[in-house]
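# Summary of the model geometry
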Amino acid sequence: MLRSVGRERSTGNGDDPRVTELRTAVSRLRRELAVHPAEFPDRGIAEDELAALDAMAAGGRPEVPRLRRSLLLVAGAIGSVSALASGLRDVRIAVDLFAEPTRRR
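Residues numbered from 1 in each chain as written. Predicted model: local features only at pLDDT ≥ 70, side-chain atom pairs only at ≥ 80, totals over all residues. Heavy atoms only, no water.

### Re the side chain of E49
Turning to its location among the elements, E49 is positioned in helix α2 (residues 43-58). The class for E49 is buried, based on a relative accessible area of 12%. If we ignore the near neighbours within four places in the chain, the residues touching E49 are R66, R69, S70, L73 and V74. (Helix = DSSP H or I, 4+ residues; strand = E, 2+ residues; numbered from the N terminus. Buried < 20%, exposed > 50% of the residue type's maximum accessible area, 1.4 Å probe, protein only. Contact = heavy atoms within 4.5 Å.)

Below, the structure is given as structure tokens:
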């Protein structure tokens, strides 16, 4: 396939793989939460914050503090629902991709 000189194929997210990773992880956890049969008190909070994470990612360059706050709220809302642990882990890993690299002295 030929591409124009200096042009890259666009995925709609500025070609940032971190955004793609975050949206994929959030989407997966949202699906898992939707089909999870147990009701728990803070399920609505988890759903709302997952929607917020997706909206931030869709917007392009999300703010790291806001991503972490939403992740913390999702983790707290899901609590100890072990069936959702791997999906939550994937979201955490995706959020961590946005962290600034630590500088070594």
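Read on for the rest.
### Comments concerning the nonpolar core
Judged by nonpolar contacts, the single largest core of 25 residues is most densely connected at L22, L29, L53 and V91. For this core, the elements supplying multiple residues, two or more each, are α1 (17-35), α2, α3 (64-78) and α4 (85-96). In this view, L29 contacts L50, V74, I78, L84, G87, L88 and V91; residues no more than four positions away in its chain are not counted. (Core = buried A, V, L, I, M, F, W, Y, C linked by side-chain atoms within 4.5 Å.)

### Some words on the packing of α1 against α4
At a minimum axis distance of 8 Å, the contact between α1 and α4 shows a crossing angle of 160°. Taken together, the axes of α1 and α4 lie roughly antiparallel to each other. Seen along the crossing, α1 lies across α4 with a hand that is left-handed. Contacts between α1 and α4 pair E21, L22, A25, V26, R28, L29 and E32 from the former with S86, G87, L88, D90, V91, A94 and V95 from the latter. Split into classes, the residues belonging to the contact of α1 with α4 amount to 8 nonpolar, 2 polar and 4 charged. (Axes fitted to C-alpha atoms, helices over the stretch in contact; angles between N-to-C directions. Parallel < 35°, antiparallel > 145°, perpendicular 65-115°, else oblique. Left-handed = near helix turned anticlockwise from the far one by under 90°. Nonpolar A, V, L, I, M, F, W, Y, C, P; charged D, E, K, R; others polar.)

### What to know about the pattern of salt bridges
Applying the stated criterion across every chain, the model contains 11 salt bridges. Where D16 meets R18, a salt bridge forms, and the shortest distance between an N and an O atom there is 2.8 Å. On the basis of relative accessibility, which here comes to 16%, the residue D16 falls in the buried class. A relative accessible area of 28% places R18 in the partly exposed class. A salt bridge links D90 to R89; the shortest N-O distance between them is 3.2 Å. (Salt bridge = Lys/Arg side-chain N within 4 Å of Asp/Glu carboxyl O.)

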